[in-house]
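Spelled out from the first residue to the last, the chains are:
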Amino acid sequence: MSDLSQLQPGAYAVICGIDADESLFQRLAALGFRIGKKIEVIRRASFNGPLHVRIGTTDIILRITEARRIQISQQ
Amino acid sequence: MKRIALLGMPNTGKSTFFNRVSGASARVGNWPGITVDLMAAKLLLGGHIVEIIDLPGIYDLHGFSDDESVVRHFLENNDVDLAVIVLNGSQIDRQLSLALQVRALGLPCILLLNMSDEAKKSGITFNLPGMQQQLQMPVMQISAKHGNGCAEALKEAARHLAEKHPSPADIREQLKNDDTIENQMEAIVKSTVHYPAQLDDVVTSRIDRVLLHPWLGLPLFFAAMYLLFQFIFTLGTPLQEGIAWALDLFRADVLEPLLQPAPGWFSGLMLDGIYNGIGTVAAFIPIIVLFFLVMTMVEDSGYLSRAAFLVDALMAKMGLDGRGFVMMLMGFGCNVPALMGTRVMRSRNMRLLTMLVIPLSLCSARLQVFLFMTATLFTPKQAPLVLFSLYMVSFATIFLTAVIYKGRYSSTEPFILELPPYRFPTPRQIWLRGWQEVRHFLTRASKFIIIGVLLVWALTNFPSDVPAASAGTIAGMIGTWLAPVLNPVGIDGQLAIALIFGFVAKEIVVGALAVIYGLQGDALMQVMATKLDWVQGMSFMLFTLIYTPCLSTIATLKNESKSIGFMMLSLLWSLGLAWVVSFVFYQTARALGY
Ligand SMILES: Nc1nc2c(ncn2[C@@H]2O[C@H](COP(=O)(O)OP(=O)(O)OP(=O)(O)O)[C@@H](O)[C@H]2O)c(=O)[nH]1
Ligand SMILES: [Mg+2]
């Protein structure tokens, strides 16, 4: 098991855990971060900037700090 | 009176729907969090007058940011007869949760799946009767932007206005309870929505590949900014000169003969005071409108979220984030909505730091002053470059301020943002926004400029036994009194008066100069060009750029931060910074022999 920040652009994974406090958890859920969902990393910004990810029909950007909170499994 | 509330996640088209059905002009933009306060309108529905309320977007009913608590506060304190839930149909797989939460409150609701045009394009289809049955509420597909289905949606809303609804007190109770609706949502979506296997929005992906390119992205951003800016300037300047010329002609051929019989002081007040002052400002209307039309297109394109992506790493070093950068860009239009836009931030420190830097972004009112000054003191070739450099100075002061204060306002606010697809505003949306800005300008004009111009006229014409605008008038005395502070930065007595009034609103500055010199248009520019050199002019522009934008901004700073201390900090910091920057510039330029 690894976290979202390690996923390379173009790779898919399935979300299997979210480690966040109540309010962040709610926000992530509303944006589509739910256990069992497929997630794809589209690109990473330069200088260790945010990740651009896609879940279903929603594109989201998030910082690496937040990406570390999302556990994923790649098959 | 019956009341309908529009609820939905951010950026789903609530305000677009609101505008369409009520004819109002709430601000619309392809950015989550454009609406941060409520807006009400009345409309005739089924023979009754109904109040419809546009609310900020919310991710869930347990939100914690300031824009979300606006919604919660509203629901807890007002009778709502019907909730119209607006979702982005394509994203129903995650947005349906909000509809389920609202339904759980016991509110009568109808569900609108908006952006049917986009869903259709990507091949997403809905089993509406099935969804309706499982949700036990009417479900309709609409396109608020293009108008499809909106009339039917209103009719449906009218049918449900008489249903029993919970009182605000009930809702307050309900909101304390929490329940999980996830499984329910998944089941409904699975059985009633069909997603095609391939979901890529090809156009958006292709544009993103270029605009978000790892090392081309930022240069492209600045290049685009420069081009847009050139576009506004090239198109707007002739228009501005045309209006100034026409106003001059009108004065010479109509007003002067007309006021011939009136007493001297009266025609002086009317012509040199009000007409010159307002005329000089009014000449900038075309450029300002053009500027806002371009802003509308940028805001509605979805590029703002991309800009946030590109600069977030840099902003993080300054204790800010990508959203703060977007607020700065919005601040280029007007600082007030940009300050209110920071409500989407949850951490108070992050909000305060962002609010501290926003007043430094070069708003359209200041742009007027700079357009005027650069046209006066520089060649047509140099002027756009000088203007662009002022934008760069604006960024520089923002960065400097953030770096200095980030320790004081440090935060660990998470940064998560939706990236909407690229969209293009309809002509109707562009027109609405342009018109709104003209109206905004005219209200400000009637509020500030006339009074300001009158005051300046009085200051420069009393006592009346000395020549107008000479050292013996009140204005002259103020100028002399301020000289020890302003001489070292190259700002003379006349400019000082303009600066004082600029504190109220930057729109007054140019009008004030017209009154102080008793001239307008070309004549004003010529006289000013002989009295000032470019170093003084530049120093004046730097000061104008950095010191307090206007009274409305100060009032907004106080309201949004709920702290007079913070407001004073912002005020004193920008005043001090303005002086230091102008001082360094002026003295260096002089020392170098300019
Ligand atoms: N394609 C398409 N775009 C739409 C439609 N309705 C709204 N939009 C666009 O969606 C974006 C968001 O619209 P808004 O009306 O500002 O959304 P909102 O729900 O009020 O957003 P917040 O105030 O931020 O919560 C704008 O770019 C609109 O032009 C639609 O039916 N089809
Ligand atoms: Mg809105």
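Residues numbered from 1 in each chain as written. Chains lettered and ligands numbered in written order. Predicted model: local features only at pLDDT ≥ 70, side-chain atom pairs only at ≥ 80, totals over all residues. Heavy atoms only, no water.

Residues and elements named next belong to chain B. The protein atoms that coordinate the magnesium ion (ligand 2) are Ser15 (OG) and Thr35 (OG1), at distances spanning 1.9 to 2.0 Å. In this pair, Ser15 is assigned in helix α1 (residues 14–22) and Thr35 in the loop between α1 and β2 (39–45), connecting sequence segments 20 residues apart. By relative accessible area, which is 14% here, Thr35 ends up buried. (Donors = N, O, S within 2.8 Å, 3.2 Å for Na, K, Ca; no water. Helix = DSSP H or I, 4+ residues; strand = E, 2+ residues; numbered from the N terminus. Buried < 20%, exposed > 50% of the residue type's maximum accessible area, 1.4 Å probe, protein only.)

To continue, consider the environment of Lys155(B). Residue and element names in this part refer to chain B. Note that Lys155 resides in helix α6 (residues 150–159). The class for Lys155 is exposed, based on a relative accessible area of 56%. Sequence separation of Lys155 and Thr588 is 433 residues, and the distance between their C-alpha atoms is 69 Å.

Glancing now at the site of ligand 1. Residues and elements named next belong to chain B. Neighbouring ligand 1 are 26 residues; Lys14, Ser15, Thr16, Gly33 and Thr35 lie closest to it. The separation between an oxygen atom of ligand 1 and a polar side-chain atom of Asn114 is 3.1 Å. Separating a nitrogen atom of ligand 1 from a side-chain N or O atom of Asp117 is a distance of 2.8 Å. When ligand 1 is considered free in solution it has 650 Å² of accessible area, and contact with the protein chains removes 99% of it. The element contributing the most residues to the shell around ligand 1 is α1, with three residues. (Near = heavy atom within 4 Å. Polar contact = N/O pair within 3.5 Å; in protein donor to acceptor, adjacent residues only side chain to side chain. Areas by Shrake-Rupley, 256 points an atom, 1.4 Å probe, with all protein chains shown as cover.)

Attention now moves to a nonpolar patch on the surface. Residues and elements named next belong to chain B. On the surface, a cluster of nonpolar side chains totalling about 360 Å² of accessible area is made up of Met1, Leu44 and Ile49. Note on placement: Leu44 falls in strand β2. Among the residues examined, Leu44 registers a relative accessible area of 63% and is labelled exposed. (Patch = residues over 30% accessible without salt bridge, like charges linked within 9 Å, V, L, I, M, F, W, Y side chains within 5 Å. Salt bridge = Lys/Arg side-chain N within 4 Å of Asp/Glu carboxyl O.)

Residue and element names in this part refer to chain B. Counted at 1.5 Å a residue, the expected span for helix α26 (residues 564–591) with its 28 residues is 40 Å, and the 40 Å between its end C-alpha atoms agrees. Three or more residues of α26 are buried, namely Phe566, Met567, Leu569, Ser570, Leu571, Trp573, Ser574, Leu577, Ala578, Ser582, Tyr586 and Ala589. As for α26, its buried residues are in contact with α16 (348–357), α18 (382–405), α24 (534–546) and α25 (551–561). Following α26 by one or two positions, Gly593 has its phi on the positive side, about 95°. (Expected span 1.5 Å × (residues − 1). Contact = heavy atoms within 4.5 Å.)

Time to look at the interface of chain B and chain A. With 39 residues of chain B at the contact, the number on the chain A side is 30 residues. For the chain B and chain A pair, buried surface summed over both sides reaches about 3000 Å², with 55% attributable to carbon and sulfur atoms. Looking only at chain B, the three residues that lose the most surface to chain A are Arg94(B), Phe309(B) and Ile416(B), adding up to 23% of its buried area. Residue Asp312(B) is joined to Arg63(A) by a salt bridge in which the shortest nitrogen-to-oxygen separation is 2.7 Å. (Buried area = accessible area lost by both parts, 1.4 Å probe.)

Another point: the packing of aromatic side chains. Residues and elements named next belong to chain B. Enumeration over the complete set of coordinates arrives at 22 aromatic pairs over all chains. Between Tyr409 and Phe566 the ring centres are 6.1 Å apart and the planes differ by 80°, which places this aromatic pair in the edge-to-face class. Taken together, the positions of Tyr409 in the loop between α18 and β9 (416–418) and Phe566 in helix α26 put the pair 157 residues apart, joining distant regions of the chain. Among the residues examined, Tyr409 registers a relative accessible area of 8% and is labelled buried. Overall, Phe566 belongs to the buried group, its relative accessible area being 4%. A connected cluster of aromatic rings, assembled from ring pairs, spans Phe221, Phe222, Tyr226, Phe229, Phe233, Tyr303, Phe325, Phe332, Phe388, Tyr391, Phe395 and Phe399. We note Arg306 situated over the ring of Tyr422; from NZ or CZ to the ring centre the distance is 4.1 Å. (Phe/Tyr/Trp six-rings, centres within 6.5 Å; stacked < 30°, edge-to-face > 60°. Lys NZ or Arg CZ within 6 Å of the ring centre and 35° of its normal.)

Within the largest apolar cluster, 116 residues are counted, with the highest numbers of intra-cluster contacts made by Phe325(B), Phe372(B), Met373(B), Leu390(B), Leu513(B) and Met528(B). Broken down by element, this core gets its largest block of residues, ten residues, from α18(B). If you count residues domain by domain, this core takes at least three from each of domain 2 (217–257 + 267–364 + 378–412 + 427–439) and domain 3 (445–591) of chain B. Among residues more than four places away in sequence, those in contact with Met528(B) are Phe372(B), Met373(B), Thr376(B), Leu495(B), Leu513(B) and Tyr517(B). Judged by nonpolar contacts, the second largest core, of 63 residues, contains Leu7(A), Leu62(A), Ala5(B) and Val80(B). (Core = buried A, V, L, I, M, F, W, Y, C linked by side-chain atoms within 4.5 Å. Domains from an automatic or database assignment.)

Residue and element names in this part refer to chain B. In space, the six strands of this open sheet follow the order β2-β3-β1-β4-β5-β7, with mixed pairing throughout. What marks the edges here is a single partner per strand, and that holds for β2 and β7 (139–141). Averaged over all adjacent pairs, the angle separating strand axes in this sheet is 25°, with direction ignored. Inspection of the sheet shows β2 paired to strand β3 (residues 48–54) by seven bridges, in the antiparallel sense. Each bridged residue has a counterpart across the sheet, and for Met39 the counterpart in β3 is Asp54. The strands touched by α1 within the sheet are β1 (2–7), β2, β3, β4 (82–88) and β5 (109–114), with β3 carrying the most contacts at an inclination of about 155°. (Pairing = 2+ DSSP bridges. Axes fitted to C-alpha atoms, helices over the stretch in contact; angles between N-to-C directions.)

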